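Architecture and fold: a report
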Amino acid sequence: MPVSYREIAAALRQQISDGRYQPGDKLPMLTELQEQYGAGYQTVRSAIQLLEQEGLVVAVRRRGTIVRERPEKRRITRSRQVYRDEIGYYFDPAAQSWVALETPTVRWGVVPVDLAATMGLSVGSEVLIRDRIMGDPDTRAAMQLATSYLPADLARGTQLAESDTGPGGIYDRLEEMGHAPLGWKEAVSARMPSPEEAESLGLPADVGVPLLRIVRVTRSSTGQVVEINDTRMSAELFEIGYDIEREGSAHTGAESAPA
């Protein structure tokens with residue numbers, strides 16, 4: 001039975017994982033892979049394209065297919081706590097020093113379909129949308145995209161709809177408007193970036209790098225959803241980390257061993 005392109009890709013992927021091919025190494029030429037696996041040109045080409053999409057290799061003109069250098073990931077510790085400094089609330093100690101690299105974009109638009117139900121809104125409802133690009137103040141490198149969605153009837157005619165929301169940002173304004181104390185819940189997922197997101201974050205255009213997505217829901221003291229924050233960052237640069245604690249039932253094996 002002829003070998004498939006997925007099988008060839010799996011074999012090469014394993015060899016990269018095992019270190020047979022190190023970052024910067026060149027994979028065998030397509031003709032060599034054809035001979036090695038007894039496959040046709042299009043089959044081995046499809047295998048290489050799959051590895052390119054996964055971000056493992058990159059085609060370099062006049063050099064061939066090169067194993068791609070992978071940056072070291074930075075750990076974001078989601079400690080299930082909210083912090084505060086002189087600027088206002090923040091959720092990631094690792095990101096405390098990041099600043100808005102551009103003036104926030106503020107516009108009125110339609111609530112995203114996947115967030116409508118959580119906000120208690122019908123599909124097509126109007127919301128205030130605040131887009132921010134956050135990054136390192138010294139290098140000016142973009143680290144994350146953050147978009148806030150606020151109900152239109154709550155935000156219209158308030159400072160929430162201004163580019164500069166003042167000291168403490170939107171959360172201080174919301175609490176001053178009578179929604180204190182605010183509470184938060186988060187969900188973490190991943191997806192592929194849009195071309196615009198990839199450009200804003202400086203993601204490589206020739207490989208598929210997914211986004212790490214953190215959706216944070218902000219509720220008022222009465223339980224009303226007053227904001228949803230959709231944060232996206234490179235899953236190649238960041239990972240979520242947290243401690244695992246023992247629940248009462250998780251006694252040790254020694255404790256459960258028969259006497």
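Refer to the structure presented above.
Residues numbered from 1 in each chain as written. Predicted model: local features only at pLDDT ≥ 70, side-chain atom pairs only at ≥ 80, totals over all residues. Heavy atoms only, no water.

Here the focus is the overall build of the chain. Across its full length, the chain holds 8 helices and 13 strands. In terms of overall dimensions, the chain is more spread out than a globule: its C-alpha atoms have a radius of gyration of 24 Å, far above the 18 Å expected for 259 residues. Projecting the C-alpha coordinates of the chain onto the three principal axes gives extents of approximately 70 × 65 × 40 Å. For the chain, long-range pairs separated by at least 24 residues make up 59% of all intrachain contacts whose partners lie at least 6 apart in sequence. Roughly 15,000 Å² of accessible area belongs to the chain as shown, and the carbon and sulfur atoms make up 50% of that amount. (Helix = DSSP H or I, 4+ residues; strand = E, 2+ residues; numbered from the N terminus. Rg over C-alpha atoms; globule rule 2.2 N^0.38 Å. Contact = heavy atoms within 4.5 Å. Areas by Shrake-Rupley, 256 points an atom, 1.4 Å probe, with all protein chains shown as cover.)

Our focus in this paragraph is the packing of helix H2 (residues 30-37) against helix H3 (residues 41-53). Between H2 and H3, whose axes approach to 9 Å, the crossing angle comes to 110 degrees. Taken together, the axes of H2 and H3 are roughly perpendicular relative to one another. The two elements H2 and H3 cross, and the hand of that crossing is right-handed. Contact residues: H2 offers Leu30, Leu33 and Gln34, while H3 offers Tyr41, Val44, Arg45 and Ile48. Of the residues in the contact of H2 with H3, the class split is 5 nonpolar, 1 polar and 1 charged. (Axes fitted to C-alpha atoms, helices over the stretch in contact; angles between N-to-C directions. Parallel < 35°, antiparallel > 145°, perpendicular 65-115°, else oblique. Left-handed = near helix turned anticlockwise from the far one by under 90°. Nonpolar A, V, L, I, M, F, W, Y, C, P; charged D, E, K, R; others polar.)

Our focus in this paragraph is the pairing of strand E12 (residues 225-234). In terms of burial, E12 is largely enclosed, as 10 of its 10 residues are buried. Examined bridge by bridge, strand E9 (residues 142-151) and E12 share 5 bridges and lie antiparallel to one another. Its bridge partner being in E12, Ala146 is matched across the sheet by Thr231. Relative to E12, strand E11 (residues 211-219) runs antiparallel, the two sharing 9 bridges. Directly across from Leu211, in E12, lies its bridge partner Ser234. Hairpin connection from E11 to E12: 5 residues lie between these consecutive antiparallel strands, with Gly223 at a positive phi of about 95 degrees. (Buried < 20%, exposed > 50% of the residue type's maximum accessible area, 1.4 Å probe, protein only. Pairing = 2+ DSSP bridges.)

The next point concerns the side chain of Ser148. Tracing the sequence through the fold places Ser148 in strand E9. Taking relative accessible area as the criterion, Ser148 reaches 0% and is therefore assigned buried. In this structure the side chain of Ser148 is engaged in a polar contact, spanning 3.4 Å, whose partner is the side chain of Arg132. In terms of polar contacts, Ser148 uses its side chain to reach the side chain of Glu227, at 2.6 Å. Other than its neighbours up to four places away in sequence, Ser148 contacts Leu128, Ile129, Arg130, Arg132, Ile170, Glu227, Ile228 and Asn229. (Polar contact = N/O pair within 3.5 Å; in protein donor to acceptor, adjacent residues only side chain to side chain.)

Structurally, Tyr149 can be placed in strand E9. Each residue touching Tyr149, except ones within four places of it in the same chain, is listed here: Pro112, Leu115, Met119, Val127, Leu128, Ile129, Val226, Glu227, Ile228 and Asp230.

With that settled, the discussion passes to the packing of helix H1 (residues 5-18) against H3. Taken N-terminus to C-terminus, the directions of H1 and H3 make an angle of 50 degrees; their axes are 8 Å apart at the nearest point. Relative to H3, the element H1 is oriented oblique. Considering only the axes of H1 and H3, their crossing is right-handed. Listed contacts from H3 to Tyr5, Ile8, Ala9, Leu12 and Arg13 of H1 are Thr43, Val44, Ser46, Ala47, Ile48, Leu50 and Leu51. For the contact of H1 with H3, the class distribution of residues is 9 nonpolar, 2 polar and 1 charged.

We now examine H3. The end-to-end C-alpha distance of H3 is 18 Å, a good match for the 18 Å that 13 residues give at a rise of 1.5 Å each. Among the residues making up H3, those that are buried are Val44, Ser46, Ala47, Ile48, Leu50, Leu51 and Glu52. In this structure, the buried side of H3 is in contact with H1, H2, strand E1 (57-60) and strand E2 (64-67). Gly55 sits one or two residues past H3 and shows a positive phi near 80 degrees. (Expected span 1.5 Å × (residues − 1).)

Quick look at the packing of aromatic side chains now. Inspection of the entire model under this criterion finds 7 aromatic pairs. With a centroid separation of 5.2 Å and 80 degrees between ring planes, the pair formed by Phe91 and Trp184 is classed as edge-to-face. With Phe91 in the loop between strand E5 (89-90) and strand E6 (99-100) and Trp184 in strand E10 (residues 183-191), this residue pair connects regions lying 93 residues apart in the sequence. By relative accessible area, Phe91 is classed as buried at 12%. Ring pairs connect the aromatic residues Tyr89, Phe91, Tyr171 and Trp184, which therefore count as one cluster. Across the ring face of Tyr89, the terminal group of Arg84 is positioned such that the distance to the ring centre comes to 4.7 Å. (Phe/Tyr/Trp six-rings, centres within 6.5 Å; stacked < 30°, edge-to-face > 60°. Lys NZ or Arg CZ within 6 Å of the ring centre and 35° of its normal.)

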